[in-house]
Amino acid sequence: MAESIREIKEKLQAADYERLPDLFKRYEMDDRSGVRLELEKARKRLAAYEKELARIEELKAYEKEYAVYESICGIDEAGRGPLAGPVVAGAVILPKNCDILYINDSKKLSEKKREELYDIIMDKAVAVGIGYSTPERIDEINILQATYEAMREAVSRLSVQPDLLLNDAVTIPQISIRQIPIIKGDAKSISIGAASIMAKVTRDRLMVQYDSIFPEYGFASNKGYGAQAHIEALKKYGPCPIHRKTFITHFVS
């Protein structure tokens, strides 16, 4: 007896991408409209997967160019622009021939996708290091120097010593490891993209925690950035302990 359309649909949905071409051949002569529809859906899903594989291979261009280095570390930060909270840096060493899909500049990913990738990167990375610089430190030495400090701390917290750093745009002072600064590197290097995700998720989680302590400012939603509601709360209540004093002079005296 012929398989039902529902049975074929379930097989196509459950199949690994590698098995889909065989299923396409198996059902290509079935002229039922429901089967044709499910085959088309599966073909689109496979095409999207193959497109993502190709994109990820392009994202490994720098890692391939510098493949002679044993441990390549991507570095990026989150939180240079907000009015409140720390700046957080991520340092990530991915395995050679990393097979993690959907890594990208963290700003181009949904919160849900960032959270999913955070767990995957934590599981599959050779090493992950996170560094912080507090609002007080930012006010003391300025945001750029504080970002460098956070990046140096992130590198120091790696369990494996890298022999090459791929940085998003900057060259970090006081580091002896060779560095390659890449403009918009979080969208051009899989290692930097991974670091941007780790930094962004870590900082966002911190700001959600701060929201429970200082609920007036809406940190859970604005993450410390200058959203209108945040600025209005800042003018109404004044700054809280995690506000960067040097960033809020336009809003409070």
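Structure shown above.
Residues numbered from 1 in each chain as written. Predicted model: local features only at pLDDT ≥ 70, side-chain atom pairs only at ≥ 80, totals over all residues. Heavy atoms only, no water.

1. Looking at the environment of His 230
Right, on to step 1. Here His 230 shows up in helix α10 (residues 228–237).
Right, on to step 2. Separated by 105 residues in the primary sequence, His 230 and Ala 125 have C-alpha atoms spaced 36 Å apart.
Right, on to step 3. With near-sequence residues (within four places) excluded, His 230 lies in contact with Leu 83, Ala 84, Tyr 217, Phe 219, Asn 222, Gly 224, Tyr 225 and His 243.
Right, on to step 4. A polar contact of 2.7 Å, which involves the side chain of His 230, links it to the backbone oxygen of Tyr 225. (Helix = DSSP H or I, 4+ residues; strand = E, 2+ residues; numbered from the N terminus. Contact = heavy atoms within 4.5 Å. Polar contact = N/O pair within 3.5 Å; in protein donor to acceptor, adjacent residues only side chain to side chain.)

2. Re the packing of helix α5 (residues 111–124) against helix α8 (residues 190–213)
Right, on to step 1. Packing of α5 against α8 leaves a shortest axis separation of 9 Å and a crossing angle of 115°. In this structure, α5 crosses over α8, and the sense of that crossing is left-handed. For the pair α5 and α8, contact is made by Arg 114, Glu 115, Leu 117, Tyr 118, Asp 119, Ile 121 and Met 122 and by Ala 194, Ile 197, Met 198, Lys 200, Val 201, Thr 202, Asp 204 and Arg 205, respectively.
Right, on to step 2. Per-class residue counts for the contact of α5 with α8 are 8 nonpolar, 1 polar and 6 charged. (Axes fitted to C-alpha atoms, helices over the stretch in contact; angles between N-to-C directions. Left-handed = near helix turned anticlockwise from the far one by under 90°. Nonpolar A, V, L, I, M, F, W, Y, C, P; charged D, E, K, R; others polar.)

3. Remarks on the environment of Gln 13
Right, on to step 1. Counting through the fold element by element, Gln 13 comes out in helix α1 (residues 5–14).
Right, on to step 2. Put simply, Gln 13 and Glu 38 are 25 residues apart on the chain and 8.9 Å apart in space, counted from C-alpha to C-alpha.

4. So, the pattern of salt bridges
Right, on to step 1. Here the structure, examined in full by the defined rule, presents 18 salt bridges.
Right, on to step 2. Residues Arg 114 and Asp 204 are paired through a salt bridge, measuring 3.6 Å at the closest nitrogen-oxygen approach. One end of the pair, Arg 114, is in helix α5; the other, Asp 204, is in helix α8, with 90 residues separating them in the sequence.
Right, on to step 3. Look at Asp 204 and you get buried, because its relative accessible area is 9%. (Salt bridge = Lys/Arg side-chain N within 4 Å of Asp/Glu carboxyl O. Buried < 20%, exposed > 50% of the residue type's maximum accessible area, 1.4 Å probe, protein only.)

5. Observations regarding unusual backbone geometry
Right, on to step 1. Look at Gln 174: it is not a glycine, yet its phi comes out positive at around 65°.
Right, on to step 2. For Gln 174, the position within the fold is in the loop between β4 (164–168) and β5 (179–182).

6. A few points about the side chain of His 243
Right, on to step 1. One can find His 243 in the segment after α10.
Right, on to step 2. A relative accessible area of 2% places His 243 in the buried class.
Right, on to step 3. A distance of 2.9 Å separates polar atoms of two side chains, one belonging to His 243 and the other to His 230.
Right, on to step 4. Every residue in contact with His 243, bar those within four places of it in the chain, is listed here: Leu 83, Ala 84, Pro 135, Asp 139, Tyr 217, Phe 219, His 230, Leu 234 and Ile 248.

7. Looking at the side chain of Asp 30
Right, on to step 1. Mapped onto the elements of the fold, Asp 30 is located in the loop between α2 (20–27) and α3 (33–59).
Right, on to step 2. Not counting residues within four places of it along the chain, the set of residues in contact with Asp 30 comprises Ile 8, Val 35 and Arg 36.

8. Concerning the packing of α1 against α3
Packed helix pairs are specified by the crossing angle of their axes together with the interaxial distance, meaning the distance between the axes.
Right, on to step 1. Direction vectors running N to C along α1 and α3 enclose 5°, while the axes themselves pass 9 Å from each other. Taken together, α1 and α3 sit at an angle that is classed as roughly parallel. In this structure, α1 contributes Ile 5, Ile 8, Lys 9, Leu 12 and Gln 13 to the contact, and α3 contributes Gly 34, Val 35, Glu 38, Leu 39, Ala 42 and Arg 45. (Parallel < 35°, antiparallel > 145°, perpendicular 65-115°, else oblique.)

9. Focus on the pairing of strand β3 (residues 127–133)
Right, on to step 1. For β3, the buried fraction is high: 5 of the 7 residues fall into the buried class.
Right, on to step 2. Bridge count between strand β2 (residues 87–93) and β3: 7 bridges; the pairing is antiparallel. Residue pairing for β3: Val 92 is matched across the bridge by Val 128. (Pairing = 2+ DSSP bridges.)

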